Amino acid sequence: MLNIKIDRNKCINALDCLKCIDACRSGVLLVLSPYAEVAKGRIKPVIMSMCTGCGECQRVCPAKAITMIK
Amino acid sequence: MCELCIKHGEGKKWYEVMKNYSKELYSQNNVEQFMKDFFLNFHKEFNGIIKLDAAKRKRSIVYGFIRKMATSHMKKNHFGQIIPLEDAEMIIDMMQSITRVPCICRGLTRGEKNARYCFAIGVDPSPSDILGDYPHLKENLETLTRDEAKKLLRKFDQEGLIHSIWTFKTPFIGGICNCDRDCLAYRIQVTADLMQIMFKGEYVAEIDLDQCVGCRSCQKLCQFGAIEFSSSNLKCYINPMKCYGCGVCRSACNKEAITLNDRNQLPELAGVW
């Protein structure tokens with residue numbers, strides 16, 4: 001089954017970037033708590049059942065932090 | 001009548017009953033503590049969604065069961081219903097305090113910290129400690145007068161945003177939201193169909209075919225894909241099974257061909273929520 005992995009060491013400034021969030025057509029990726037200090041600004045694939053595997057998030061990521069695992 | 005009307009409506013629509021906004025209910029159910037935990041742990045709810053979603057993807061036999069459990073959990077704690085503009089305005093008229101707050105859903109789905117689309121009603125979040133751990137949320141509160149709130153609601157309506165009411169520890173109603181695809185409830189219920197988090201409105205829209213000229217402008221505003229077009233007779237039709245009764249389509253119609261009817265008058269539709 002398709003899976004999206006986001007490398008947290010490479011994705012540093014998620015809240016200022018948000019390119020993958022904008023690129024995701026199906027709304028799979030969500031921002032984990034943009035307010036709280038815990039889990040601040042982490043991006044996570046949540047509703048994977050909507051993912052079509054288009055790979056757009058992987059393509060737009062400037063830090064190359066996103067990989068798709070088949 | 002929806003389930004909540006039967007349980008908490010006293011013969012009326014449940015959101016018309018003043019008791020469901022009362023301070024007594026607020027303190028009796030310890031809503032303040034619930035709200036505090038709710039806002040603080042909002043991101044933890046994701047773990048539940050991920051599990052539910054995984055069960056759906058694997059076509060697991062337990063999916064139906066988890067879905068039911070999750071829905072009943074939401075019904076007890078944080079459930080919503082779509083309401084048309086008139087009902088939202090009626091609620092505003094009943095309220096003593098209206099505070100405009102940044103939308104938490106849009107924070108989670110778009111990373112937008114200050115998308116101020118939601119109204120806290122009845123509870124004033126600024127003096128209490130509900131938003132204590134969210135300094136950014138707290139800074140951007142704005143107290144609205146009734147007229148200001150109604151003006152904003154009408155503006156949102158024309159932009160095609162759907163209005164919904166939300167409970168915190170059902171039946172206490174604590175907020176009116178103006179949603180689109182970035183609403184987490186919409187995404188989970190309508191886009192992904194993982195579970196039920198909100199009821200459809202008490203209404204269903206209907207197009208007067210004599211007045212409809214087939215301009216299709218209503219179709220652009222419908223968030224639920226309920227409006228269909230027939231090119232052979234140049235008319236739009238509303239699919240009553242898909243219609244949520246939000247009434248947003250009416251603002252786009254130049255011919256005033258769209259009306260909202262009571263859902264309960266149609267025997268087969270009365271059970272579709």
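The text that follows walks through the structure, step by step, so that each part is easy to find.

Rules used in this analysis
- Residues numbered from 1 in each chain as written.
- Chains lettered and ligands numbered in written order.
- Predicted model: local features only at pLDDT ≥ 70, side-chain atom pairs only at ≥ 80, totals over all residues.
- Heavy atoms only, no water.
- Helix = DSSP H or I, 4+ residues; strand = E, 2+ residues; numbered from the N terminus.
- Buried < 20%, exposed > 50% of the residue type's maximum accessible area, 1.4 Å probe, protein only.
- Contact = heavy atoms within 4.5 Å.
- Lys, Arg positive; Asp, Glu negative; His and termini not counted.
- Charge placed at Lys NZ, Arg CZ, Asp CG, Glu CD.
- Areas by Shrake-Rupley, 256 points an atom, 1.4 Å probe, with all protein chains shown as cover.
- Salt bridge = Lys/Arg side-chain N within 4 Å of Asp/Glu carboxyl O.
- Polar contact = N/O pair within 3.5 Å; in protein donor to acceptor, adjacent residues only side chain to side chain.
- Nonpolar A, V, L, I, M, F, W, Y, C, P; charged D, E, K, R; others polar.
- Phe/Tyr/Trp six-rings, centres within 6.5 Å; stacked < 30°, edge-to-face > 60°.

### Remarks on the overall build of chain B
When you go through chain B residue by residue, the secondary structure sums to 11 helices and 11 strands. Overall size of chain B, expressed as C-alpha extent along the three principal axes, is 60 × 50 × 40 Å. Put simply, chain B has 273 residues, and 56% of those count as buried. Contacts in chain B between residues at least 24 apart in sequence constitute 69% of all its contacts with a sequence separation of at least 6. For chain B, the centre of its 38 positive side-chain charges and the centre of its 33 negative side-chain charges are spaced 7 Å apart.

### Overview of the overall build of chain A
The number of helices and strands found in chain A is three helices and four strands. What you see in chain A, going N to C, is helices and strands ordered as β-α-α-β-β-α-β. By the burial criterion, 46% of the 70 residues in chain A qualify as buried. In chain A, the proportion of contacts linking residues at least 24 apart, taken out of those at least 6 apart, comes to 55%. When the accessible surface of chain A is summed, it comes to about 3800 Å², and 49% of that surface belongs to carbon and sulfur atoms.

### With respect to the interface of chain B and chain A
If you look at the interface, chain B gives 29 residues, while chain A gives 26 residues. Put simply, chain B and chain A have one salt bridge between them. Joining chain B to chain A, the criterion identifies seven residue pairs in polar contact (both at pLDDT 80 or more). At the level of secondary structure, the elements contributing two or more residues to the side of chain B that touches chain A comprise α4 (45–57), α7 (104–110), α8 (135–139) and α10 (184–191) of chain B. Considering every element that reaches the side of chain B that touches chain A, the biggest residue donor is α4(B), with seven residues. Grouping the constituent residues of the side of chain B that touches chain A by class yields 13 nonpolar, seven polar and nine charged.

### Considerations on the packing of aromatic side chains
Residues and elements named next belong to chain B. For the coordinates displayed, the defined rule picks out nine aromatic pairs over all chains. Where Tyr26 meets Phe172, the ring centres are 5.3 Å apart and the plane angle is 50 degrees; that geometry is what we call tilted. Here Tyr26, found in helix α2 (residues 23–28), pairs with Phe172, found in the loop between β5 (162–167) and β6 (173–179); they are 146 residues apart in sequence, far enough to count as distant. Across this residue pair, the class does not change: Tyr26 and Phe172 are buried. Of the aromatic side chains, those joined through ring pairs into one cluster are Phe34, Phe38 and Phe168.

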